[in-house]
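Analysis of the macromolecular model
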Amino acid sequence: MKGGIVGVLCSALLLAVEAACAPNSDAITKVPGFKPNKWVARTWEGNNYACKCHPGDYCWPKQNHWDNLNRTVGGNLRVNLPPGAPCYNTFQGPLGTVNTYDAAKCAAVTAGFPNEQFQIELPTAGLWTYFTNDTCRPTADPTGSCTLGYYPVLYITAKTVAHIQAGINFARNNNLRLVIRNTGHDFLGRSVGWGSLVINTHSFKSISTTNKWNGPGYNGPAITVGAGVQAFEALARLNSLSPPRIMVTGECATVGVAGGLVQGGGHGPLTNFYGFLADTAVQFKVITADGKIQTANANTNSDLFWALKGGGPAAFAVITEATYKTFADTPSAGINLDINPATNSDPALYWEAVRKFHSYSTHFVDNGLYVYYEIGPVPNTLHVHPIVGVNKTLAQLQAVVQPLFDDLDALGVGYTTSSETYGTFYDLYNAMFEIEMAGNSALTGGWTIGRQDVINNHTAIIDAFQTVMNAGSFIVGHMWSAGHGLPQSEWAKSAINPRFRNVVDKLITIVPVSGDAPLAAKAEAQNRLTNVVDGSLRAAAPNGASYINEADPFQPDWQNAFWGTNYQRLLQIRRKYDPEGVFYAVSTPGTERWEQIETGTRLCVKL
């Protein structure tokens, strides 16, 4: 999909859209608070907007401009086709209609669609498809309709930093919607965008390690990774050292470690000990919205450095390289626990078991444990895979967990359990964390539960869990404490919401809904997520917060939920480094005036 038909069609399709580009709206040359002078006037639901330039607008770049960009990026500019296009006779895109059916490629994409790494290697795929509008999924019926939906229009497969600079400059100068993508590992639709230009950074795979990093704010072992490096690649390199080392990553091995993860914070199995991935960052190489290459660390562009550490993805700069602290790897142990209808058929007893399990959240994190669990989607199912004891023997881990098993036995709840010990945490990580799937369509929300919430309001928390399940959602939980091992003197050195330091459980909520569902069904699902599912959790856990990478971006007071008292400082930094509104990701600092109007398509500023 990266070459061949897509590359051949680029020039012809752009010529086709240029011929169709009669102005369909009035031009706006000035919008208060923004520098670009190419805007499109639109009216939607009684409100006036100034929109970025999209295909068909008077300001969409001419063919010679695209040709010049393509030469500048070494021929790596391509017209985008959705992953499922080879399964259809034709693709009807905004730049033209083309024949796309290819039986062999259709078979490959059909087989690979649920596989995260398969989709990551595609240039513009979103691993979870709701925000693509699901208008071209793989199919066995080639006569069906395949349209672009909310996938990007064009993309640059960046091979050099200069390619990224060229893409940023082109988008800024033409006021195009710009999307930065590495893996597409995103729940909130930030790796796709209707009418947009994508810069794909996945080819930046450099990794280097040192025992003697000597820079501002840190002296010691470190790893430096390019923008395209994924967790499994970084961890494998660190494990190859003698002695082996580790770094903070998410529990999912396919996530990138130098982009949206760190800009959102980056929690994982080592958060109890070292905080978020953002807390371990010591330097970034970035390209800012003006197209300039910059270094950000504790001494140089220190405000930008702080903001990039948890202040929001795609908000301040494009990270091309990141350097993080590394830590000695240690023997570790893990335990799995399952309660399901096969082991327990009594719903009341099941929820009492969930209450007992969750009441140990403070006990677990205070003993340095990380716990990954799922409630649902099958009713009366608790799937705990795994409970992790880093730098613990199996006997030590079992001693911490045994009170829970004693309580479950006293209740008479049936369960299954298994356990294992490993020579390193890296071995445990590869063996015990389950592979995640791609290609599903759902709305994602979430909330966190504070220590005081568990102590003072635990009955209401479990009632809220039942509300979540009864509303057609399910829960993925992560028990950790980002303030457990990280000294308090380090907490304010990143833009992480201060309330996260007292969190003991971080929840993801999921509401399944098809991306191509009727608009009324989408609106109902969004309302259910915001006001019923997550609303019940917010009410039960008022000391919690919301994690920007795994949350409902349309929740009320998102500024406070995501960043708390840090928000105003982040807003000032955003205005300093991106005064022209080049970067955009939903519900990040400075996006209050931005909306995706006309059923989630055009990106616009409300006037």
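Conventions adopted
Residues numbered from 1 in each chain as written. Predicted model: local features only at pLDDT ≥ 70, side-chain atom pairs only at ≥ 80, totals over all residues. Heavy atoms only, no water. pLDDT = per-residue confidence, 0-100. Contact = heavy atoms within 4.5 Å. Disulfide = S-S within 2.5 Å. Helix = DSSP H or I, 4+ residues; strand = E, 2+ residues; numbered from the N terminus. Buried < 20%, exposed > 50% of the residue type's maximum accessible area, 1.4 Å probe, protein only. Pairing = 2+ DSSP bridges. Salt bridge = Lys/Arg side-chain N within 4 Å of Asp/Glu carboxyl O.

So, on to the confidence of the model for the chain. On average, residues of the chain score 94 in pLDDT, and 96% of them reach the 70 mark or higher. Overall, residues 1-24 carries pLDDT values under 50, and its contacts beyond four positions in sequence, including any with other chains, amount to 49 contacts.

The next subject is the state of the cysteines. Evaluation of the coordinates by the stated rule reveals 4 disulfides. Residue pairing for C87: its cysteine sulfur links by disulfide to C106, the two sulfurs lying 2.2 Å apart. Here the S-S torsion is close to 105 degrees, and the disulfide linking C87 with C106 is therefore right-handed. With C87 in the loop between β4 (77-79) and β5 (90-93) and C106 in helix α3 (residues 103-112), the pair connects residues that are 19 residues apart, well separated along the chain. C87 gets classed as buried once you look at its relative accessible area, which sits at 0%.

Once that is clear, we can look at the pairing of strand β7 (residues 154-157). With burial as the criterion, each face of β7 is covered, one bearing L154 and I156 and the other bearing Y155 and T157. Pairing analysis gives 4 bridges linking β7 to strand β9 (residues 197-200), with the strands arranged parallel. In the strand pairing of β9, Y155 is matched with V198.

Another aspect to go through is the pattern of salt bridges. Taken as a whole, this structure holds 14 salt bridges when the rule is applied. Taking the shortest distance from any N to any O, the salt bridge between D186 and R190 comes out at 2.6 Å. The class of R190 is buried, set by a relative accessible area of 13%.

Moving on, we get to unusual backbone geometry. In the segment running from S242 into P243, the intervening peptide bond is cis, with an omega of 0 degrees. A cis amide bond links G376 to the next residue, P377, at an omega of 0 degrees. With respect to the element layout, P377 can be found in the loop between β18 (369-375) and β19 (382-390). Positive phi outside glycine occurs at N133, with the angle close to 80 degrees. Positive phi, close to 60 degrees, is recorded for N391, a residue that is not glycine. Residue placement: N391 occurs in the loop between β19 and α12 (394-411).

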